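# Commentary on secondary and tertiary structure
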Amino acid sequence: MAERTVKIASSSGLHARPASIFAKAAGEQPATVTIEKVGGNAVQASSILMLMTLGAGHGDEVVLRAEGDGAEESVNALGDLLEKDLDKEE
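Residues numbered from 1 in each chain as written. Predicted model: local features only at pLDDT ≥ 70, side-chain atom pairs only at ≥ 80, totals over all residues. Heavy atoms only, no water.

Now for the nonpolar core. Grouped together as the largest cluster of nonpolar side chains are 26 residues, with contacts concentrated most on Leu 14, Phe 22, Ile 35, Leu 51, Leu 64 and Leu 82. Listed by contribution, the elements that provide at least two residues to this core are strand S1 (2-7), helix H1 (16-27), strand S2 (32-37), helix H2 (48-54), strand S4 (61-67) and helix H3 (71-82). For Leu 82, the residues in contact, after removing those within four places along its chain, are Val 6, Lys 7, Ile 8, Ala 9, Leu 14, Phe 22, Ile 35, Val 62 and Leu 64. (Core = buried A, V, L, I, M, F, W, Y, C linked by side-chain atoms within 4.5 Å. Buried < 20%, exposed > 50% of the residue type's maximum accessible area, 1.4 Å probe, protein only. Helix = DSSP H or I, 4+ residues; strand = E, 2+ residues; numbered from the N terminus. Contact = heavy atoms within 4.5 Å.)

Rendered as structure tokens:
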């Protein structure tokens, strides 16, 4: 299992557009990835509806965990994505 803790950089947090971009990227990963707010429950990273339930805002820390082939690469790719302001991405 691979794990990485990151801070959410998007100004709106993990809501609407950033959640959509992140969920799509998570669904394209070879490993199964979960995300949780520190101290919260883990949810499937590829589900936009589950991402919205996290209530993760700008600057909040989240933990990404992945299992399976490409787990390390998956958490790194998704962690790098969360560290960008996805509200400003083209």
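Next up on the list: the sheet that holds strand S3 (residues 43-44). Pairing between the strands of a sheet comes from backbone hydrogen bonds, and it takes one of two forms, parallel or antiparallel. Spatially, S1-S4-S2-S3 is the arrangement adopted by the four strands of the open sheet, whose pairing is antiparallel. Across the chains shown, the open sheet's two edge strands, defined by having one partner strand only, are S1 and S3. Sitting on the sheet, H3 touches S1, S2 and S4, and the angle it makes with S1 is about 5°. (Pairing = 2+ DSSP bridges. Axes fitted to C-alpha atoms, helices over the stretch in contact; angles between N-to-C directions.)

Moving on, we get to the pattern of salt bridges. In the structure shown here, the tally under the stated rule is six salt bridges. Of the charged contacts, one joins Glu 36 and Arg 65 as a salt bridge, the two residues approaching to 2.6 Å between their closest N and O atoms. Residue Glu 36 is located in strand S2, and its partner Arg 65 is located in strand S4; the two are separated by 29 residues in the primary sequence. Residue Glu 36 is classed as buried on the basis of its relative accessible area, which comes to 13%. In this structure, the salt-bridge partner of Lys 37 is Asp 60, at a minimum N-O distance of 3.5 Å. Within this pair, whereas Lys 37 is found in strand S2, its partner Asp 60 is found in the loop between H2 and S4, the two being separated by 23 residues in sequence. Residue Lys 37 is classed as partly exposed on the basis of its relative accessible area of 27%. A residue is classified by how much of its surface remains accessible, and Asp 60, at 23% relative accessible area, is partly exposed. A single salt-bridge network, built from bridges that share partners, covers Glu 3, Glu 36 and Arg 65. (Salt bridge = Lys/Arg side-chain N within 4 Å of Asp/Glu carboxyl O.)

This paragraph deals with a nonpolar patch on the surface. Nonpolar side chains collect at one region of the surface, where Ile 48, Leu 49 and Met 52 lie side by side and expose about 280 Å² of accessible area between them. Following the sequence through the fold, Met 52 ends up in helix H2. (Patch = residues over 30% accessible without salt bridge, like charges linked within 9 Å, V, L, I, M, F, W, Y side chains within 5 Å. Areas by Shrake-Rupley, 256 points an atom, 1.4 Å probe, with all protein chains shown as cover.)

It is worth spelling out the pairing of S4 at this point. Pairing between S1 and S4: six bridges, direction antiparallel. Within S4, the residue paired with Arg 4 across the bridge is Leu 64. As paired elements, S2 and S4 share six bridges and run antiparallel to each other. The residue bridging Glu 36 from the neighbouring strand is Val 63, located in S4.

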